[in-house]
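These are the residues of each chain, in order.
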Amino acid sequence: MPAGPNAVQVNMSLFSRWFRKAPSLSSVPPAAAPSKNADPALAKPNAAQRALAAFAEEKALQSAIDARDFPAVARLVVAGSSTRIRQAAAQAVEDPDLLRQLIREVRGGNDKNVYKILSAKREALLEQARQQELLQAEISAASEAIERHSRQPYDVAFGPWLTQLETRWEAVAAQADAELQGRVQQWIDRARETIAEQARQVAAEAARAQAAAEAAAEARQQREQAAQAAAAATAEQARLFEEQTRALAEQQQAEQQALRQIAELIRKARAALSDGGSARAASLRRAIEEKRAGAPPLPDHLASQLQQLDKPLDELKDWKSFSVTPKRAELIEAMETLIDAPLEPLTLADRIKNLQDEWRTLGKGAGESADADWQRFQEAAQKAYQPCREYFAAQALIREENLRRREALLAELTAFEAGADWEQPDWQALIKALRETKLAWRNCSPVDAQAAKPQQARFTALVARLQDRLDAEYARNQKQKESLIERAQALLASDDGRKAIDGIKALQQEWRAVGLVPREVDQRLWSEFRRHCDAVFQKRDQEFAAHSAGLEHNKAQAVALCEQIEKIARLDGAELLAQAGTLGDMRNAFEALGELPRADTRELRSRFERGLERCKESLARQDAREAEGAWNDLFEAANRIRAYRLAVARAADREQVDALKKAAETFMASVQRWPRNGLDALQQALAGERSADPSANEAAARLLCIRAEILADLPTPPEDQALRRDYQLQRLVQGMGQRLKADESQLDAMAIEWLRIGPVEESAYAPLLQRFRRCRERS
């Protein structure tokens, strides 16, 4: 929208909040729209002055950026004279504290794009910090795991586990500091020394054996060492090849990403040129050059697009050499083309604002037509902005609807709290209710902040009450698991190995029976519990292998079930119906598979569920086709009965009448499925209990068509308009004039009523039946 008369005061207020004082009024150019009686030459500076001021401000911004004078850049973010200057200054801010301070300053102001730029840069910096925190956490976890492992006594899993830990550390070692890298290397060396010490002990034990056994052991040891060395060499070669392949793929991906970014920047620059944003286009062109520094040579099509971009960009750089009056006429024409333009409201609003910003950058200049141009430009802006007003009004309705949806969520969660059996609560249901309600609550946005404040308070209090119940359950279960850990630790001192193993197994069963615990606490407790269990069990690797084989077996069975159910979903007709009875057995078989590989569980379950859904959809379509076929058969039978009864009414010869009746009965006997009450209605119609007057029956059928057209909200042919008005007037007099909505059950009842109408001439029956069936299709 055009700037109001208070624009100067608003800018001064923002400047004062930031720098604790306002600029002098002589330094702030007037931004209010000129009055009709004002001298055009005095209402605004001339074009040369405005262009000079804009040039000076751009130069000041570039100087501040080059000198890294961030306070000066911040001043231009808040008090820049044009949107382009403020946005360019906002793009140059990098300090997080300064970003937060500027966001508070511009929040609620007129320049939403500056706020969006600052917010986006702040979010990007926060995301970088989060990624760095995750990396440091992984570095710390990997190094601590290696340190703990280096202090463990040797067992059969010591070497393989060390290899896994080394692989994990190598993935993040490059980002760790030199001191930590040195310490980790010492721990790795210590772990390898443990392995070497174990090897030396085995060698010393072999040295004390008999000479023959010693020779055999030595030969066997040499073979084993050679095999280990060969395996290690093969593994190392595979690892190096995998790393080289991955590095090459990452390099190619980075190059392709750089080319895609350059292509996107070219597209944005061309769009900016199309909208008249030469400054933004030039900024994007500089960004393209920065991207090209780290990108491979441009393909021919991108190089051609870049050349096509440079030509109009160079031409637009000479914009200031044009006169103001032709540019003003161009802006008026552009604004008038936006009236009733087929654009999205937000895009339209941005276009209007951009044209208004360009208008404000022009001086009034000399001439008697300046006021008329301004008035014409303002009228075109108001007309073009009308769809935007309607759109923003609709957005307000959306916020109101979100408030209502949140109120419904609050009511549902309140009902859940009131209806739950807190003597024997379903904690999984509570967790699910809290998780889904919170997610749905966040999705019900945006809302009016002031109106949603009391609602948010009630929601927060309700969630807190439910969370307190859940936290109490967590505390009870945590205490039970800590007791199990103490008992597992006590079993380490037992001299009876069998008893200790049985005791550990019993403790594991008890552990699984304990209720829910927060994930982080549960992981910590489980790690400690498992450490004690691993000290007792010596067959962990074998059990793990057997467990893995079972997972793969279950996975193969799950894939086979998915393929089988997908095959059923592609069937139709009798084959589909024949296989439908096996879906329940397949569901039970899938659920009975037990545990699946963790990496494949979600995909396999999703695939199976999708297959089931497709089967249900196929069955639903098949049922719909059969139901529609039943109605088609019903109307066909009615038509045959109509022909028979019409022959009776015309006193046709007996042989023809009997043939028509026989044809109707034969057709009815061949149909396997009828709509509800359809067969009874057909039998009654075949018995000829209604009027045999074709004219009266035609009138009844015509009225039934009109009733169906009113119910389905369809137009009535012109020849029956008078009859429709009479019927509607009659309903109005009887107090039944409320608007009806098409309902399938009502139209089904009308279809049964249609069957009971007596015989109608073929010339009238066919168009009436077509009208009536069109109403059913509409419903």
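Scoring rules and cut-offs
- Residues numbered from 1 in each chain as written.
- Predicted model: local features only at pLDDT ≥ 70, side-chain atom pairs only at ≥ 80, totals over all residues.
- Heavy atoms only, no water.
- Helix = DSSP H or I, 4+ residues; strand = E, 2+ residues; numbered from the N terminus.
- Buried < 20%, exposed > 50% of the residue type's maximum accessible area, 1.4 Å probe, protein only.
- Contact = heavy atoms within 4.5 Å.
- Areas by Shrake-Rupley, 256 points an atom, 1.4 Å probe, with all protein chains shown as cover.
- Phe/Tyr/Trp six-rings, centres within 6.5 Å; stacked < 30°, edge-to-face > 60°.
- 1 Å grid on protein atoms, 1.4 Å probe; cavity = no way out; pocket = protein on both sides within 12 Å on 5 of 7 lines; lining within 4 Å.
- Points joined across faces, edges and corners; volume = space filled by probe spheres on them.
- Nonpolar A, V, L, I, M, F, W, Y, C, P; charged D, E, K, R; others polar.
- Core = buried A, V, L, I, M, F, W, Y, C linked by side-chain atoms within 4.5 Å.
- Salt bridge = Lys/Arg side-chain N within 4 Å of Asp/Glu carboxyl O.
- Patch = residues over 30% accessible without salt bridge, like charges linked within 9 Å, V, L, I, M, F, W, Y side chains within 5 Å.
- Arc of directions from axis to C-beta.

Trainee: What is the right way to read the overall build of the protein from this model?
Mentor: When helices and strands are tallied, the protein shows 29 helices and zero strands. Residue burial in the protein is summarised as follows: out of 779 residues, 31% are buried. For the protein, long-range pairs separated by at least 24 residues make up 72% of all intrachain contacts whose partners lie at least 6 apart in sequence. Carbon and sulfur atoms form 52% of the exposed surface of the protein, whose accessible area is close to 47900 Å².

Trainee: Help me understand the packing of aromatic side chains, please; the structure alone is not making it clear to me.
Mentor: For any two aromatic rings, the description comes down to two numbers: the centre-to-centre distance and the angle of the planes. Scanning all chains against the criterion turns up 11 aromatic pairs. Their ring planes at 55° and their centres at 5.8 Å tell us that W511 and W526 sit as a pair that is tilted. A residue pair is termed long-range when its members are at least 10 positions apart, and W511 in helix α18 (residues 497–513) and W526 in helix α19 (residues 519–536) qualify at 15 residues. Residue W511 is classed as buried on the basis of its relative accessible area, which comes to 7%. Pairing W754 with F772 gives two aromatic rings, centres 5.0 Å apart and planes at 15°, and the pair type is stacked. Placement of the pair is W754 in helix α28 (residues 744–755) and F772 in helix α29 (residues 762–778), with a sequence separation of 18 residues. Neither W754 nor F772 differs from the other in exposure class; each is buried.

Trainee: Whenever I open this one, empty space enclosed by the protein confuses me. Can you help?
Mentor: Unfilled space is identified by rolling a water-sized probe across the atoms. Tallied over the entire structure, the rule returns three cavities of 30 Å³ or more. Put simply, the largest cavity is a space of about 130 Å³. Taken together, 14 residues line the largest cavity, and the ones lying closest to its centre are A638, R642, L755, I757 and G758. Mapped by element, the contributors of at least two residues to the lining of the largest cavity are α23 (598–649), α25 (678–687) and α28. Ranked by the residues each element gives to the lining of the largest cavity, the list is headed by α23, at four residues. For the lining of the largest cavity, the per-class residue count stands at 11 nonpolar, one polar and two charged.

Trainee: I'm lost on the nonpolar core in this one. Help?
Mentor: Taken as a class, soluble globular proteins show a tendency for nonpolar side chains to be buried jointly. The biggest cluster of nonpolar side chains holds 39 residues, and the ones touching the most others in it are L682, W754, L755 and F772. When residues of this core are traced back to their parent elements, those giving at least two are α23, α24 (654–670), α25, α26 (694–712), α28 and α29. With eight residues, the top contributor of residues to this core is α23. Excluding residues that lie within four positions of it along the chain, F772 makes contacts with F635, L704, C705, A708, L747, M750, A751 and W754. In terms of nonpolar packing, the next biggest core, distinct from the first, is built from 21 residues, A89, L102, V106 and L118 among them.

Trainee: Quick question: what am I supposed to make of the pattern of salt bridges here?
Mentor: Opposite charge on two side chains lets them pair, provided their charged atoms get close. For the coordinates displayed, the defined rule picks out 43 salt bridges. Between R200 and E193 there is a salt bridge; the shortest N-O distance is 2.4 Å. Using a relative accessible area of 41% as the deciding quantity, one classes E193 as partly exposed. Of the charged contacts, one joins R458 and E407 as a salt bridge, the two residues approaching to 3.0 Å between their closest N and O atoms. Residue R458 is located in helix α17 (residues 449–491), and its partner E407 is located in helix α15 (residues 370–419); the two are separated by 51 residues in the primary sequence. Look at the salt bridges and you will find they share partners, linking E698, R702, E709, D720, R771 and R774 into a network.

Trainee: Explain a nonpolar patch on the surface to me, please; I cannot follow it from the model alone.
Mentor: Taken together, the side chains of L729, L732 and V733 make up a nonpolar region of the molecular surface, amounting to roughly 330 Å² of accessible area. Position of L732 among the secondary structure elements: in helix α27 (residues 721–733).

Trainee: What is the right way to read unusual backbone geometry from this model?
Mentor: Leave glycine aside and you will find that most residues have negative phi; peptide bonds, for their part, are mostly trans. Of the consecutive residues S445 and P446, the connecting peptide bond is found in the cis state with omega at 5°. With respect to the secondary-structure elements, P446 resides in the loop between α16 (427–443) and α17. Of note in the backbone geometry, R68 takes a positive phi value of approximately 55° without being a glycine. Take R68: it is sitting in the loop between α3 (47–66) and α4 (70–79).

Trainee: Mind showing me how you'd approach α25 here?
Mentor: Think of an α-helix as 3.6 residues a turn; residues three or four steps apart then line up on the same face. Listing the buried residues of α25 in full gives G678, A681, L682, A685 and L686. Buried residues in α25, looked at end-on, bunch into an arc of 135°, giving them a common side.

Trainee: What is the right way to look at the side chain of D720 in this model?
Mentor: When you line up the elements, D720 lands in the loop between α26 and α27. Residue D720 is classed as buried on the basis of its relative accessible area of 4%. Those residues in contact with D720, other than ones at most four positions away along the chain, are R702, I706 and R771.

Trainee: I keep staring at the side chain of T83 and nothing clicks. Help me out?
Mentor: As for its position among the elements, T83 is in helix α5 (residues 83–92). Apart from the residues lying within four places of it in its own chain, the contact partners of T83 are D111, K353 and D357.

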